[in-house]
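Okay, here's what each chain looks like letter by letter:
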Amino acid sequence: MAPSQNSLPLHERVWRRNNIKRVMDITVLFFLILLLIYRIVSLNNYGVPWLIAFLCELWLTFNWILVISTKWSPAQSKIYLDRLLQRVPELPPVDMFVTTADPVLEPPIITVNTVLSLLAVDYPANKLACYVSDDGCSPITFYSLVEASKFAKLWVPFCKKYDVRVRAPFRYFSDDKATPNGKNGADLSEFQQEWKTIKDEYEHLCRKIENAVKNSTPFDGDGEFAVFSNTERKNHPTIIKVIWENKEGLSSGLPHLIYVSREKRPMHPHLYKAGAMNVLARVSGVMSNAPYMLNLDCDMFVNDPKIVLHGMCILLDPNTQKEVAFAQCPQYFYDGLKDDPFGNQFVVLFRFVGTGLGGLQGPIYLGTNCFHRRKVIYGLSPHDLENTSILSEKELVRNFGSSREFINTVALALEGTTYAPPQHNLSNSVETANQVAGCGYEHGTGWGSQVGWVYGSTTEDILTGMKMHTRGWKSENHMPDPPAFMGSAPTGGPASMTQQKRWATGLLEILLSKNNPIFGTLFR
Ligand SMILES: O=c1ccn([C@@H]2O[C@H](COP(=O)(O)OP(=O)(O)O[C@H]3O[C@H](CO)[C@@H](O)[C@H](O)[C@H]3O)[C@@H](O)[C@H]2O)c(=O)[nH]1
Ligand SMILES: [Mn+2]
């Protein structure tokens, strides 16, 4: 009997044929082993340098065995978008997070493009909220977002009308051809006229932001920007601003846009990106409490406007809802150097090791381009789904902190019965949001250990994903073509060495900690 339409999966893991690669990899292993045997047999003739060479090659061989076992059965997910649209009449809310930390190293126009590409995704706008965390506490970033939200009122309808694929305007307009994306019967001259208007508007936006950057302090004590006066980057109260609220709840409108700069004080460790993500989780919890989250670094943008629907195919699939914690898309980079001399594109890491892990428990969490379930971020394991006993009030407070309003939203998220708090005005929750974004809020709670992004490594993403895997969750590797997200990578040698050093340090911190994956596997 043919399976009924409703039991067909929304996504599947598809294994890649890999026989030739396997033969090649095993051949290399065979030669490595021969080399080791040769070294041992003739060790007596050569002495210490020979021994050192032997030890190095032994390490290489060990590494090679790890690499081939990782890449043995590569897989990626295949999604069925039409089934999702047919079967899920009411799409769930999704909270989208962008992190930025430094308006000089990460120019506001780049963050603005990331945000614009998110505001314009093909998904009901009343189900989306975009939160920007600014660890730089920069009035220029805030100003840029305010201006961007005005531009978005033109940009988003334009993208949707003409089915624009790349919805980050700097990339879209870098191709100077005003050609519509073959959308049925679009009137060419009307399109060209609109294209020209929007391009002019975008250039106007860029100029405004450039001017703001040049006159670095134009905002002191002035209206909306008054809160930024007398602030220092690492010493300031929480600043949360609802830049745009989709008050009418229009599915064709613009998603909510919220600026968040968490409190920082000199004596309080701010815990870098993991700290910022945990604040975003709480602030979004009290404001929109969507059961799903998408997070992007400010240097990545959406390259496929259907990607949120893709993410939902994976996370809403009834067959794997109790297994899959997150859906990770690889990082691809634009404007790379020819032939990638410094390896900045990370082809091996994202495309080979990533797909290899995709055939095992699932890819690691890469810190960006990833869809999460809120309840998993809140520490739930697959086993807890069976176990219906709800955490007591006391346990909730111990893990999640003392804000009653926030705890209520946590209880809803953990139950998974209600998607979001009842329709309310976002501005009403700003006060509570301020409270949960305070730098003392996490003191004595489970944040950073039992719940949220995990502290203790500069590669907080790997650690957080690994903790989910240790709890028994799987993850899915999603690699649509064209790529779902694109970003910028360091282009030079020194910059990429700094990045590699940071990653190596982070991984070593994990290896030497109690969160080490070997312990995780043995004593889970
Ligand atoms: O105190 C901080 C430091 C960084 N960030 C943000 O974190 C993101 C990543 O930082 P970046 O300096 O760009 O690091 P990369 O090495 O490029 O990032 C890779 O490595 C990180 C650590 O493993 C992951 O978090 C990232 O997602 C991954 O893209 C950026 O959006 C930053 O704005 C903060 O919000 N607060
Ligand atoms: Mn980066």
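Rules and cut-offs
- Residues numbered from 1 in each chain as written.
- Chains lettered and ligands numbered in written order.
- Predicted model: local features only at pLDDT ≥ 70, side-chain atom pairs only at ≥ 80, totals over all residues.
- Heavy atoms only, no water.
- UniProt positions renumbered as here; feature names shortened; annotations may be inferred.
- Helix = DSSP H or I, 4+ residues; strand = E, 2+ residues; numbered from the N terminus.
- Rg over C-alpha atoms; globule rule 2.2 N^0.38 Å.
- Buried < 20%, exposed > 50% of the residue type's maximum accessible area, 1.4 Å probe, protein only.
- Contact = heavy atoms within 4.5 Å.
- Areas by Shrake-Rupley, 256 points an atom, 1.4 Å probe, with all protein chains shown as cover.
- Near = heavy atom within 4 Å.
- Polar contact = N/O pair within 3.5 Å; in protein donor to acceptor, adjacent residues only side chain to side chain.
- Nonpolar A, V, L, I, M, F, W, Y, C, P; charged D, E, K, R; others polar.
- Expected span 1.5 Å × (residues − 1).
- Salt bridge = Lys/Arg side-chain N within 4 Å of Asp/Glu carboxyl O.
- Axes fitted to C-alpha atoms, helices over the stretch in contact; angles between N-to-C directions.
- Left-handed = near helix turned anticlockwise from the far one by under 90°.
- Pairing = 2+ DSSP bridges.
- Domains from an automatic or database assignment.
- Buried area = accessible area lost by both parts, 1.4 Å probe.

An unreviewed UniProt entry annotates the protein as Cellulose synthase originating from Quillaja saponaria. A UniProt comment under Subcellular location (unreviewed entry) is attached to the protein, and it reads "Endomembrane system".

Caption draft 1: Here's a closer look at the overall build of the protein. A tally of regular secondary structure across the protein gives 19 helices and 13 strands. A compact globule built from 524 residues should have a C-alpha radius of gyration of about 24 Å, and the protein, at 24 Å, falls within 12% of that. The dimensions of the protein, computed from C-alpha atoms along their principal axes, are 80 × 65 × 60 Å. For the protein, with 524 residues in total, the buried portion stands at 52%. Considering only contacts in the protein between residues 6 or more positions apart, those separated by 24 or more positions represent 81%. Of the roughly 24,900 Å² of accessible surface on the protein, a fraction of 59% belongs to carbon and sulfur atoms.

Caption draft 2: Representation of the site of ligand 1. Among the 22 residues in the neighbourhood of ligand 1, the closest are listed as Thr99, Asp135, Lys273, Glu460 and Asp461. With respect to ligand 1, the side chain of Asp461 contributes an N or O atom lying 2.8 Å from an oxygen atom. Relative to its unbound accessible surface of 680 Å², ligand 1 loses 85% to contact with the protein. It is helix 18 (residues 493-511) that contributes the most residues to the shell around ligand 1, 3 residues altogether. Grouping the amino acids of the shell around ligand 1 by side-chain chemistry returns 5 nonpolar, 9 polar and 8 charged.

Caption draft 3: Highlighting helix 1 (residues 19-41). For helix 1, built from 23 residues, the straight-helix expectation of 33 Å at 1.5 Å per residue is met to within 8% by its first-to-last C-alpha distance of 33 Å. Within the sequence span of helix 1, burial applies to Asp25, Leu29, Leu32, Leu36 and Arg39. Elements that come into contact with the buried residues of helix 1 comprise helix 2 (43-46) and helix 3 (48-71).

Caption draft 4: Quick peek at the pattern of salt bridges. Counting across every chain of the model gives 26 salt bridges. Of the charged contacts in the structure, one is a salt bridge between Lys150 and Glu147, with a shortest N-O distance of 3.0 Å. Remark: Glu147 and Lys150 occur in helix 6 (residues 139-161); sequence separation between them is 3 residues, near one turn of the helix. The closest approach of N and O atoms between Glu190 and Lys161, which form a salt bridge, is 2.7 Å. Within this pair, whereas Glu190 is found in helix 8 (residues 188-214), its partner Lys161 is found in helix 6, the two being separated by 29 residues in sequence. Exposure remark for Lys161: the relative accessible area of 38% places this residue in the partly exposed category. The structure contains a network of salt bridges with shared partners spanning Asp122, Asp163, Arg167 and Lys306.

Caption draft 5: Quick look at the packing of helix 5 (residues 108-119) against helix 6. Their axes nearest at 9 Å, the elements helix 5 and helix 6 cross at an angle of 35 degrees. Seen from above, helix 5 lies across helix 6 with right-handed handedness. Contacts from Pro108, Val112, Val115, Leu116 and Leu119 of helix 5 reach helix 6 at Ile140, Thr141, Ser144, Leu145, Ala148, Phe151, Ala152, Trp155 and Val156. Looking at the contact of helix 5 with helix 6, its residues break down into 12 nonpolar, 2 polar and no charged.

Caption draft 6: Local environment of the sheet that holds strand 9 (residues 324-328). With mixed pairing, 8 strands are arranged side by side in an open sheet as 5-6-4-3-7-11-9-12. Strand pairing shows two members of the sheet lacking a second neighbour, strand 5 (239-244) and strand 12 (474-477), which therefore form its edges. Going across the sheet, the axis of each strand differs from the next one's by a mean of 20 degrees, ignoring polarity. Most of the contacts of helix 6 go to strand 5, to which it runs at about 15 degrees, and overall it touches strand 3 (94-100), strand 4 (128-134), strand 5 and strand 6 (256-261).

Caption draft 7: Examining the domain arrangement of the protein more closely. If you check the domain split of the protein, you get domain 1 (19-72) and domain 2 (91-524). Every contact between the two is made by 4 residues of domain 1 and, on the other side, 5 residues of domain 2. With both chains or domains summed, domain 1 and domain 2 bury close to 340 Å², and 80% of this area falls on carbon and sulfur atoms. Three residues, Lys21, Thr70 and Lys71, lead the burial of domain 1 against domain 2; their summed loss comes to 92% of the area buried on that side. Inspection of the region where domain 1 meets domain 2 yields 0 salt bridges.

Caption draft 8: Quick peek at unusual backbone geometry. With an omega of 0 degrees, the peptide bond running from Asp481 to Pro482 counts as cis. Structurally, the position occupied by Pro482 is in the loop between strand 12 and strand 13 (485-487). A positive phi is found at Asn289, a non-glycine position, where the angle reads about 50 degrees. Note on Asn289: relative accessible area 1%, which makes it buried. Residues other than glycine seldom take positive phi values, yet Phe346 does so here, at roughly 50 degrees. Along the chain, the position of Phe346 falls in the loop between strand 10 (332-333) and helix 11 (347-358).

Caption draft 9: Region of the structure containing the UniProt feature "transmembrane region" (unreviewed entry) in the protein. Taken from the UniProt record, the annotation "transmembrane region" (unreviewed entry) applies to residues 23-41 and 47-68. Between the end C-alpha atoms of residues 23-41 there is a gap of 27 Å, over a span that is 100% helix and 0% strand.

Caption draft 10: Fine view of the UniProt feature "binding site: Mn(2+)" (unreviewed entry) in the protein. Those places that UniProt annotates as "binding site: Mn(2+)" (unreviewed entry) correspond, in this numbering, to Lys273 and Asp297. Spanning 25 residues, the named residues nonetheless gather at one spot, since no C-alpha pair among them exceeds 9.8 Å. In this structure, Lys273 sits in helix 9 (residues 272-287). Residues contacting Lys273, with those up to four places away along its chain left out, are Thr99, Asn295, Asp297, Gly367 and Glu460. Locating Asp297 in the fold gives a position in strand 7 (residues 292-297). Non-local contacts of Asp297, meaning those with residues more than four positions away in its chain, are made with Thr99, Thr114, Lys273, Gly367 and Thr368.

Caption draft 11: Examining the sheet that holds strand 13 more closely. Taking strand neighbours across the sheet as the criterion, the 3 strands line up as 8-13-10 in an open arrangement whose pairing is mixed. On the outer flanks of this sheet lie strand 8 (300-302) and strand 10, each paired with one strand and no other. Where strand 8 lies against strand 13, 3 bridges are found, and the strand directions are antiparallel. The residue of strand 13 that forms the bridge with Val302 is Phe485.

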